[in-house]
Every structure is written in C-alpha cells, then in structure tokens.
Amino acid sequence: MYIYNVTINIEETIHEKWLDWMKNEHIPDMLATGKFSKALMTKVLVEEEMGGVTYSVQYTTTSKGTLQKYYTEDADRLRKEANRFAGKFVAFRTELEIVSEQNG
C-alpha cells in the first residue's frame, strides 16, 4: 500500500472557504477517480513562522502503478481546480510506502 500525502499551508483569510471546498469537493473528487481507497485529513498542530493553517491529506492507494495512473490521468485536472485559491497557499507532495501497520 502507498500513501500520496499532500501538505498544504493556507492563508487564514480564506481558510474556512478552502476547508469547505476540500471536504465537500476536492477530496470527494480525488476519491471518485477510483485510484484511492480512502483519504485522511489532519490539521498540523505546529504553528508555522509564515502563519496560516497547515493540513496534511493522505490518500491511500494500492500500488505505485495506480499512483502513477493518477498522475497521468487526473492530477493536472484536479490541481487546476485549486487555482481559485492561487497565491493563498503553498503545497508540497510526498509519496509514502506503508511498511507496517499495527492496531492496538
């Protein structure tokens, strides 16, 4: 299993509007691609020097190949939808491979 992680710092002035869009449009659109089995959105509790509010969204997928298909088939279109918030956020993306998962 793999996780496609997107960490976003969003300006406080549009934070609520962006959060609503993420929860009600963008994340459902990501899941609708059929390439991710779930999404986990978390708020980063460390305050950034630059201000704003930071979130991490983790999308779980079955394989590196499926993630590559997302990049090829869907990423450009879905990233363009965030243009409504252009200049108000910074984002960076990482790919993670799940090595072990344990439940307590």
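Look up: the structure comes first, before these words.
An account of the accompanying structure is given in this report. This is a predicted model, so every value here is computed, not measured. (Residues numbered from 1 in each chain as written. Predicted model: local features only at pLDDT ≥ 70, side-chain atom pairs only at ≥ 80, totals over all residues. Heavy atoms only, no water.)

### With respect to the packing of aromatic side chains
Under the criterion given, the structure shown has 9 aromatic pairs. Each ring, one from Tyr4 and one from Tyr71, has its centre 5.7 Å from the other, and the planes form 80°; the classification is edge-to-face. One end of the pair, Tyr4, is in strand β1 (residues 2-10); the other, Tyr71, is in helix α2 (residues 64-80), and 67 residues separate them in sequence. Summarising the aromatic geometry, the rings of Tyr70 and Tyr71 are spaced 5.8 Å apart at their centres and angled 55° between planes, so their arrangement reads as tilted. A residue is classified by how much of its surface remains accessible, and Tyr70, at 2% relative accessible area, is buried. Of the aromatic side chains, those joined through ring pairs into one cluster are Tyr4, Phe36, Tyr59, Tyr70 and Tyr71. (Phe/Tyr/Trp six-rings, centres within 6.5 Å; stacked < 30°, edge-to-face > 60°. Helix = DSSP H or I, 4+ residues; strand = E, 2+ residues; numbered from the N terminus. Buried < 20%, exposed > 50% of the residue type's maximum accessible area, 1.4 Å probe, protein only.)

### A closer look at the sheet that holds β1
If you trace the 4 strands from one edge of the open sheet to the other, you get β2-β3-β1-β4, paired in antiparallel fashion. The open sheet has two free edges, formed respectively by β2 (38-43) and β4 (89-97), since each of these has just one partner strand. Strand-to-strand twist in this sheet, taken as the mean axis angle between neighbours without regard to direction, amounts to 15°. Where β1 and β4 come together, 9 bridges link them in antiparallel fashion. Paired with Asn9 across the strands is Val90, a residue of β4. Where helix α1 (residues 15-32) meets the sheet, it contacts β1, β2 and β3 (53-61), and its direction lies at approximately 5° from that of β3. Along the sheet face, α2 touches β1, β3 and β4 and points at about 30° away from the line of β1. (Pairing = 2+ DSSP bridges. Axes fitted to C-alpha atoms, helices over the stretch in contact; angles between N-to-C directions. Contact = heavy atoms within 4.5 Å.)

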